[in-house]
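Letter by letter, the chains look like this.
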Amino acid sequence: MSHTRGYRILMTVVLVAYLSVGWASRNRKTALGKEIYRPLRGMQTALCLWQNWGMFAPAPSSSSWLEFEGTTLAGKKVALEPLEPIPEAATFNWRYRRRNKLAMSALNKKRKSLHRGIAQYYCAQQQRHGVFLKKVEITRYKRHALRPGQARMDPQPAQRDQVIEMGSFRCR
Amino acid sequence: MPLSQIVAGLGRVWRSWSWFWFRPVTASGLGIMRILMGVMLVMTSIDLIPDLVLLVGPDGVHSAAAAEKGMRMGRWTWFDQVDSMQTVYLIHGATLLANLLFLLGFRSRTMGILSVLAHAALYQRNGWFMNGGDRLVREFTLYISLVPCGAAYSVDAWLARRKAARRGAGPSSPLIPILAHRLIQIQLCVMYLASGADKYATKSWRGGNALYYAISSESYQRSAELSAPLLTTELGQSLLAMATSITCYWEMGFFLLVLWRPTRWLALIMGLGIHLGIHVLLMVAYFSSASVWGYLTFVPYDWVERVRDRMGWSQEA
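Residues numbered from 1 in each chain as written. Chains lettered and ligands numbered in written order. Predicted model: local features only at pLDDT ≥ 70, side-chain atom pairs only at ≥ 80, totals over all residues.

Residue and element names in this part refer to chain B. Turning to helix α12 (residues 224-232), its buried residues number three or more, namely S227, L230 and L231. One side of α12 carries all its buried residues, which in axial view fall inside an arc of 95°. Exposed and facing more than 90 degrees away from the buried side of α12 are E225 and P229. (Buried ≥ 20, exposed ≤ 12 C-beta atoms within 10 Å, placed from the backbone. Helix = DSSP H or I, 4+ residues; strand = E, 2+ residues; numbered from the N terminus. Arc of directions from axis to C-beta.)

Attention now goes to the interface of chain B and chain A. For interface size, the figure often reported is the accessible area lost on association. Residue-level contacts link 68 residues of chain B with 52 residues of chain A. With seven residues, helix α9 (residues 179-200) of chain B is the single largest residue contributor to the side of chain B that touches chain A. Taken together, the residues of the side of chain B that touches chain A break down into 35 nonpolar, 20 polar and 13 charged. (Contact = placed C-beta atoms within 7 Å. Nonpolar A, V, L, I, M, F, W, Y, C, P; charged D, E, K, R; others polar.)

Another point: the domain arrangement of chain B. Residues and elements named next belong to chain B. The domain boundaries assigned to chain B delineate domain 1 (25-164) and domain 2 (184-297). Put simply, the middle of domain 1 and the middle of domain 2, counted by C-alpha atoms, are 27 Å apart. Listed per partner, the contact involves 15 residues of domain 1 and twelve residues of domain 2. Of the residues that constitute the side of domain 1 that touches domain 2, the class distribution is eight nonpolar, five polar and two charged. (Domains from an automatic or database assignment.)

A word on the sheet that holds strand β3 (residues 133-144) of chain A. Residue and element names in this part refer to chain A. Ordered in space as β2-β1-β3-β4, the four strands form an open sheet in which the pairing is antiparallel. Each edge of the open sheet carries a strand with a single partner, namely β2 (77-80) and β4 (162-170). Pairs of neighbouring strands in the sheet enclose a mean axial angle of 25°, with direction left out of account. Direction of pairing for strand β1 (residues 62-72) relative to β2: antiparallel, over a ladder of four bridges. Counted as the bridge partner of G70 is V78 from β2. Lying over the sheet, helix α4 (residues 112-128) contacts β1, β2, β3 and β4, oriented at roughly 125° with respect to β3. (Pairing = 2+ DSSP bridges. Axes fitted to C-alpha atoms, helices over the stretch in contact; angles between N-to-C directions.)

Attention now moves to the domain arrangement of chain A. Each assigned domain of chain A is listed here: domain 1 (5-46) and domain 2 (62-170). If you average the C-alpha positions of domain 1 of chain A and of domain 2 of chain A, the two centres end up 40 Å apart.

On to helix α3 (residues 98-105) of chain A, then. Most of α3 of chain A sits out of view: six of its eight residues are buried. Those residues of α3 of chain A not exposed but buried are R98, N100, K101, L102, A103 and M104 of chain A. For α3 of chain A, the secondary structure elements touched by its buried residues are β1 of chain A together with α2 (28-48) and α3 (52-56) of chain B.

Below, the structure is given as structure tokens:
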């Protein structure tokens, strides 16, 4: 089938549509881009084939991590284990840490549904251990990267982390 | 203009189009590429097993309702219909099997398409744990599944040879359309151009500090000890500033460098070095390996035959 006329015609249709939607997705603010993108976008979204490649643009200027604290029905505070344990300084991370990527996605304060989902996960997890939580609070700690000149002078200065309250979520 | 001239003109356009997209090339190179992509897919599936409960389980961190709310257009996933972890593991086991069969080349195109669907289903259920490298793997797997990617170095090829031998036919070198090679080439050129342009628009890349800051981030860092000499010494920082500029300009110029034959190898060798650096210093999943995998489409299409001839290996082997 690979060299037949039918295959070539079918693939031509697929190619024209796929390349058009790829171009239109990056130019969907233009009139033509919008016209093309709207009817064909299902091709991209169904298989998650977006063409956004702004990797490290802009480059991150800080390191952040999340901390979780539960409050029991009796009002006692419970520190919950992080989504991804913080690695030791001497560790070489061979494996790509999916939990770390998930935690990074949750750093955005606007992603409330993800925060709610993480909180519910902790509620259920604690319940299995016999601890009944009323709510889970999520806090982000942000440490700005040192400027290059500063890093040369003192690579490990005493730094105060920025604390950002991400919200408090009730257990269902 | 007479109709005959229009028809002749259209015929020429169609022939040029066909030459560009469907010209036959030897199948061996893509056979090797299918195996390597299969390894990446299998490793992704195995890697996910310990975190399935948290990431895509019915009681995981991202409920199906929230996922549906976040991605309204073209959303589908078989994980929405799942309400037990046993079924999640069963589906994931079937995914791993499809990845393995794709690697081995049994019903290669079908297994390739199934692997893409399974990968997309995971993303549609919870895209928060995936990155650009995963997307590249999905795209490249789809591209090679559009052509007979199992025509060489596969169970499919072995079965076809056995069938031919039974009929008394001799061994033949299979040919496949160049379509997948072209799509991978275009994908890489578009990706680097878009990425380079986005980078150039930011202050840290133009100022030469971007790689310093990227490597400083503990969220991406592979090893603090390995990064320290680059981050805290003058020489290390100068090297990073140089690498920042090289990466940005190389990405923007990749398509020109790789199109022009005299600079093609330079573009590919530079890319290899940049991706090796990224892979060693930063955690970006399969982004570097998938990108470098794509470089195989820029080397001569009969590279496997050339290597085989040089090493004195017979085709049968």
